[in-house]
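Descriptive structure summary
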Amino acid sequence: MAVWKNETEARDQIKALVSEYYRQFKEKKEPFQPGDRISYASRVFDEKEMCALTDATLDFWLTTGRFSDEFEKSFAQWIGVRFANLVNSGSSANLIAFMSLTAPELGERQIKKGDEIITVACGFPTTVTPALQYGAVPVFVDVTVPQYNIDVVKLEAALSKKTKAVMIAHTLGNPFDLSAVKAFCDHHNLWLVEDNCDALGSRYTIDGETRFTGTWGDIGTSSFYPPHHMTMGEGGCVYTNNPQLNRLIKSFRDWGRDCVCPSGHDNCCGHRFDSQYGELPAGYDHKYVYSHFGYNLKVTDMQAAIGCEQLKKFPSFVERRKHNWVRLRVALESVADKLILPAPAKNSDPSWFGFLISCRPGSGLERNQITRYIEEHNVQTRLLFSGNLIKHPCFDQIRGTDAYRVTGDLTNTDFVMNNTFWVGVYPGMTDEMIDYMAKTILDAVQR
């Protein structure tokens, strides 16, 4: 049995064993061979993440703690915002972002039931779900191809007296036209929520100023699910520069309570028992005063510990994604007459989540035949999420009702639903993997 002088020595020896375990059993040693399975995404990690997880496990704090604090501070500093709040998933991040805008503290800008939120149907459902579940009305606008983002020409037509916000995602790392969308929101005093779950590390320039996506709007959200740009396993983040929104985000995340004391801490403000709230008796414990109908969507410290190490690697992840995307784009240029290849948005520097491809009209190609061939040759493919969300069974009971509305037509959205797919460019891909993937796609088109 091991006998340690102190806890520090014990932790060091345990983590040394974890490092050795990683090198023997987790570190990839076999080089890629053509025909090996290529996933659309995967975790990229080493012994540092496993040791950080071990460190948090030995703390046995289990809920939000020191690693969460470290990540929120480091992430906010890196992305360039004042406040960052961890949650347990990207979908929870979108829920918290939306719900914070329903708070009565926001006065005339509070989103109420029946108010409208401009968005797109071509994307992931949890960008839209919070509005629908709350009783707000999504207003769906078509997208453009090959950017696969909102058609900003149609924004004014989507506007009504009930419009309170625009909530849309940057598609697979490609920023939407932030210049036009932000100007539209500023002009009409609308909230802008950037679903940044698929675009962490992307940059956009407006009037000579370059920022990370997710920081141009009022609130940004990120996901740390394993396929995403970096991972905690599960996990997400909600970030803002607005102190009022930050307080609301914390409240909705932490049960809806009025108190902002972190877990395990009491009476940080010094007024825990001397105020009056609602119709409660005077001096009611502030730690159990609830100003909103909130949730418990906090992250665990074990997840955050992994994120702390992932964040250190993240700049290299972004550069590798860019490298892989460009290499694949060049390799497929010869079939651009048959495939619509993706194009970055103007004024953007994308951190690509994937490589979007559409079968060109008149090419004679069928998307399902192409993807079936690619999958049979061990290259994983994905569709652009919902394609057209309002066509899905979740809309069966509200289809044709006033629970949502569509501005104009969704011609390009339907085109994406029928003709578009994507493959990965995650940072664990080697040049050999990219080349094999390109060859497989070329074979599928040319056969």
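Data block above holds the structure.
The present account deals with the structure reproduced in this document. (Residues numbered from 1 in each chain as written. Predicted model: local features only at pLDDT ≥ 70, side-chain atom pairs only at ≥ 80, totals over all residues. Heavy atoms only, no water.)

**Describing the overall build of the protein chain**
Check the secondary structure of the protein chain and you find 12 helices and 14 strands. Rg of the C-alpha trace for the protein chain: 23 Å, near the compact-globule value of 22 Å for 447 residues, within the 12% margin. Principal-axis analysis of the C-alpha atoms gives the protein chain an extent of 75 × 70 × 45 Å. Counting all 447 residues of the protein chain, 54% fall into the buried class. Counting contacts in the protein chain only where the partners sit at least 6 residues apart, residues at least 24 apart contribute 74% of the total. Accessible area of the protein chain: about 20200 Å², with a carbon and sulfur share of 52%. (Helix = DSSP H or I, 4+ residues; strand = E, 2+ residues; numbered from the N terminus. Rg over C-alpha atoms; globule rule 2.2 N^0.38 Å. Buried < 20%, exposed > 50% of the residue type's maximum accessible area, 1.4 Å probe, protein only. Contact = heavy atoms within 4.5 Å. Areas by Shrake-Rupley, 256 points an atom, 1.4 Å probe, with all protein chains shown as cover.)

**Focus: the packing of helix α2 (residues 47–59) against helix α9 (residues 301–331)**
Angle between the axes and distance between the axes are the two parameters that describe a pair of packed helices. Two numbers describe how α2 lies on α9: the axes approach to 8 Å, and their chain directions differ by 150 degrees. The orientation of α2 with respect to α9, classified from their angle, is roughly antiparallel. Where α2 crosses over α9, the two elements pack in a sense that is right-handed. Listed contacts from α9 to Lys48, Glu49, Ala52, Leu53, Ala56 and Thr57 of α2 are Asp301, Met302, Ala305, Ile306, Glu309, Gln310 and Lys313. Here the residues of the contact of α2 with α9 sort into six nonpolar, two polar and five charged. (Axes fitted to C-alpha atoms, helices over the stretch in contact; angles between N-to-C directions. Parallel < 35°, antiparallel > 145°, perpendicular 65-115°, else oblique. Left-handed = near helix turned anticlockwise from the far one by under 90°. Nonpolar A, V, L, I, M, F, W, Y, C, P; charged D, E, K, R; others polar.)

**Side note on the state of the cysteines**
A full pass over the atoms with the stated rule returns zero disulfides. The structure places no disulfide on Cys261, whose sulfur is separated from the nearest cysteine sulfur, that of Cys259, by 3.5 Å. Residue class for Cys261 comes out buried when judged on its relative accessible area of 5%. The thiol of Cys394 is not disulfide-bonded; the next cysteine sulfur, from Cys122, is found 14 Å away. (Disulfide = S-S within 2.5 Å.)

**Description of the pairing of strand β12 (residues 354–359)**
Extensive coverage of β12 is indicated by the burial of six of its six residues. Here β12 shows two buried faces, one formed by Gly354, Leu356 and Ser358 and the other by Phe355, Ile357 and Cys359. Relative to strand β14 (residues 420–424), β12 runs antiparallel, the two being bridged by five bridges. From the neighbouring strand, Ile357 faces β14, where its bridge partner is Phe421. (Pairing = 2+ DSSP bridges.)

**What about the sheet that holds β14?**
A sheet is described by the order of its strands in space; here three strands give the open sequence β10-β12-β14, paired in antiparallel fashion. Each having just a single partner strand, β10 (339–340) and β14 make up the two edges of the open sheet. Alignment of β10 against β12, held across two bridges, turns out to be antiparallel. Its bridge partner being in β12, Leu339 is matched across the sheet by Cys359.

**Structural notes on the sheet that holds strand β3 (residues 137–141)**
What the eight strands build is an open sheet, ordered β1-β9-β8-β5-β4-β2-β3-β13; its pairing is mixed. Two strands lie at the open edges of the sheet, namely β1 (83–87) and β13 (405–406), each paired on one side alone. Of the strand pairs in this sheet, strand β2 (residues 116–120) and strand β4 (residues 163–169) are connected by three bridges, and their pairing is parallel. Within β4, the position partnered with Glu116 by the bridge is Thr163. Here helix α8 (residues 243–253) sits on the sheet and contacts β1, β5 (191–195), β8 (219–223) and β9 (236–240); the angle it forms with β1, its principal contact strand, is near 15 degrees.

**Considerations on the packing of aromatic side chains**
Going through the model one piece at a time under the given rule, you end up with 20 aromatic pairs. Aromatic side chains Phe124 and Phe385 sit 5.3 Å apart centroid to centroid with 90 degrees between the ring planes, which places their arrangement in the edge-to-face category. Of this pair, Phe124 sits in the loop between β2 and α5 (129–134) while Phe385 sits in the loop between α10 (367–376) and β13, and the two are 261 residues apart along the sequence. Residue Phe385 is classed as partly exposed on the basis of its relative accessible area of 28%. Considering the side-chain rings of Phe353 and Trp422, the 5.4 Å spacing of their centres and the 45 degrees angle between planes classify their relative orientation as tilted. Here the residue Phe353 occupies a position in the loop between β11 (348–349) and β12, and Trp422 occupies one in strand β14, the gap between them amounting to 69 residues. Since its relative accessible area comes to 4%, Phe353 is described here as buried. When its relative accessible area of 1% is taken as the criterion, Trp422 is described as buried. Ring pairing ties together the aromatic residues Phe71, Phe75, Trp78, Phe212, Phe224, Tyr239 and Phe314, which thus form one cluster. One residue, Arg109, lies across the ring of Trp191, its end atom 3.7 Å from the ring centre. (Phe/Tyr/Trp six-rings, centres within 6.5 Å; stacked < 30°, edge-to-face > 60°. Lys NZ or Arg CZ within 6 Å of the ring centre and 35° of its normal.)

**A short note on a nonpolar patch on the surface**
On the surface, a cluster of nonpolar side chains totalling about 450 Å² of accessible area is made up of Trp255, Tyr284, Tyr288 and Tyr290. Along the chain, Tyr284 falls in the loop between α8 and α9. Take Tyr284: its relative accessible area is 36%, and that puts it in the partly exposed class. (Patch = residues over 30% accessible without salt bridge, like charges linked within 9 Å, V, L, I, M, F, W, Y side chains within 5 Å. Salt bridge = Lys/Arg side-chain N within 4 Å of Asp/Glu carboxyl O.)

**Some words on the side chain of Thr127**
Relative to the assigned elements, Thr127 resides in the loop between β2 and α5. Residue class for Thr127 comes out buried when judged on its relative accessible area of 7%. Side chain to side chain, Thr127 and Asp195 meet in a polar contact 2.7 Å long. Leaving out residues up to four positions away in the same chain, Thr127 has contacts with Asn94, Thr119, Met167, Ile168, Ala169 and Asp195. (Polar contact = N/O pair within 3.5 Å; in protein donor to acceptor, adjacent residues only side chain to side chain.)

**Details of the pattern of salt bridges**
Counting across every chain of the model gives 31 salt bridges. Put simply, Asp396 and Arg399 hold a salt bridge, and the shortest N to O gap is 2.9 Å. Accessibility expressed as a relative area gives 38% for Arg399, which makes it partly exposed. Shared partners join several salt bridges into a network, and the residues in it are Glu7, Arg11, Lys15, Asp55, Asp59 and Arg66.

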